[in-house]
Amino acid sequence: MTKVAVVFSGRNGLDLAELRSGVLRIPEVTMRLREAQTVIDDLEVPEVDLLSLLTSDDEHFFRNIQLKSLVSAIVQVGLFDRYLKTQTRPQFFVGNSNGDSAMLVCSGRQSFQEMVLNSPAVVGVRAPSSETVVPLMTSELPVLSGLSLTEFHALEVRTTDQGLTCVAVPGDSKELRKLVASLFQEQGMSRFVNIGPSNALCEADYRALSDGEIEAIDSIELDPHLGWFWQGNRRQVLQIAL
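Cut-offs applied
Residues numbered from 1 in each chain as written. Predicted model: local features only at pLDDT ≥ 70, side-chain atom pairs only at ≥ 80, totals over all residues. Heavy atoms only, no water. Helix = DSSP H or I, 4+ residues; strand = E, 2+ residues; numbered from the N terminus. Buried < 20%, exposed > 50% of the residue type's maximum accessible area, 1.4 Å probe, protein only. Polar contact = N/O pair within 3.5 Å; in protein donor to acceptor, adjacent residues only side chain to side chain. Pairing = 2+ DSSP bridges. Core = buried A, V, L, I, M, F, W, Y, C linked by side-chain atoms within 4.5 Å. Contact = heavy atoms within 4.5 Å. Axes fitted to C-alpha atoms, helices over the stretch in contact; angles between N-to-C directions. Parallel < 35°, antiparallel > 145°, perpendicular 65-115°, else oblique. Left-handed = near helix turned anticlockwise from the far one by under 90°. Nonpolar A, V, L, I, M, F, W, Y, C, P; charged D, E, K, R; others polar.

Student: Got a sec to walk through the environment of T30? Specific residues and values, please.
Tutor: Structurally, the position occupied by T30 is in helix α2 (residues 27-42). The buried category is assigned to T30, whose relative accessible area is 11%. Sequence separation of T30 and L51 is 21 residues, and the distance between their C-alpha atoms is 8.2 Å. Reaching out from T30, the side chain makes a polar contact with the backbone oxygen of P27 at a distance of 2.9 Å.

Student: Describe the pairing of strand β2 (residues 92-96), naming the residues involved and giving the relevant values.
Tutor: Across the 5 residues that make up β2, a large majority, 5, are buried. Sheet topology places β2 next to strand β5 (residues 152-160); 5 bridges connect them, and they run antiparallel. Within the sheet, the bridge partner assigned to F92 lies in β5 and is E156.

Student: How would you explain the nonpolar core if you had to name every residue and give the values?
Tutor: Core analysis: the largest hydrophobic core is formed by 52 residues, its most contacted members being F8, L50 and F93. Broken down by element, this core gets its largest block of residues, 10 residues, from helix α5 (residues 65-83). The contact partners of F8, leaving out residues within four places of it in the chain, are Q76, F80, F93, V94, G95, A102, M103, C106, I195 and A200. With 20 residues, the next largest nonpolar core counts F152, A181, L183 and F184 among its residues.

Student: Run through the sheet that holds β2, naming residues and quoting values.
Tutor: One open sheet holds the 6 strands; their spatial order is β6-β5-β2-β1-β7-β8, and the pairing between them is mixed. Edge positions in the sheet fall to β6 (163-168) and β8 (215-218), since each has one partner strand and no second. Here the average twist between neighbouring strands, direction ignored, is 25°. Pairing between strand β1 (residues 4-8) and β2: 3 bridges, direction parallel. Residue pairing in the sheet places V6 in a bridge with F93 of β2.

Student: If you had to explain the pairing of β6 to someone new, which residues and values would you point to?
Tutor: Bridge count for β5 against β6 is 6 bridges, and the pairing is antiparallel. Residue R158 lies in a different strand from β6, and its bridge partner there is T165. In this antiparallel pair of consecutive strands, β5 and β6, the connection spans 2 residues.

Student: Tell me about unusual backbone geometry, and please be specific about residues and values.
Tutor: Note the cis peptide between G196 and P197, where omega equals 15°. Relative to the elements of secondary structure, P197 occurs in the loop between β7 (191-195) and α10 (203-210).

Student: Tell me about the packing of helix α9 (residues 176-187) against α10, residues and numbers included.
Tutor: At a minimum axis separation of 10 Å, α9 and α10 run at an interaxial angle of 45°. On the basis of the axis angle, α9 is oblique to α10. As for how α9 packs across α10, the hand of that crossing is right-handed. Contacts from R177, V180, A181 and F184 in α9 reach D205, Y206, A208, L209 and S210 in α10. Among the residues making up the contact of α9 with α10, the classes are represented as 6 nonpolar, 1 polar and 2 charged.

The structure is reproduced here in structure tokens:
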């Protein structure tokens with residue numbers, strides 16, 4: 001049986017304005033954005049409008065790197081919701097384990113509400129009396145522009161007496177490429193599905209890692225009802241630096 005891993009593209013997945021506009025047409029994404037907005041509104045956090053941020057120009061979108069990171073994670077959770085409507089649950093999850101982590105939410109290691117409440121974008125502006133949620137996977141990493149440098153982990157879905165659970169695969173990396181190579185070589189991983197919309201790794205990276213033995217595909221491309229999404233978008237510039 002082919003082993004499947006979903007790879008979350010991280011905080012830079014919405015760096016193109018046309019992608020931000022496109023994801024707002026996906027119902028599961030807008031539902032997650034509204035859910036997150038409700039959590040934020042309940043905290044009476046001032047001047048945080050997630051939908052407006054996604055429709056803004058690049059200058060405004062890049063102005064607050066912490067809020068950009070949170071919105072990117074929220075969108076990825078919505079895209080994973082959509083993915084599960086047509087595909088089976090993957091055996092592995094790959095993504096950032098610190099900061100705003102869609103991987104932790106989608107794997108069940110953290111709730112969606114916890115991710116929003118514990119986001120640096122929210123913690124820094126909410127009332128001091130608000131409850132603080134402790135991150136589930138942390139490491140002492142340097143901080144750049146208000147965000148810790150990205151560290152990647154992989155989680156494996158296993159069956160226990162209590163049902164399905166996700167456990168951390170030994171090892172981590174500050175380079176996603178190295179982690180993917182390890183999964184291919186040590187876990188026999190042969191199919192990676194990107195949860196983006198931008199790609200965490202380009203197709204050439206996967207080919208170089210496996211001599212063509214790895215299949216890499218985008219979750220949006222797998223959806224028979226989202227064929228419109230990539231029309232007119234600049235696929236040649238969708239590889240992002242994490």
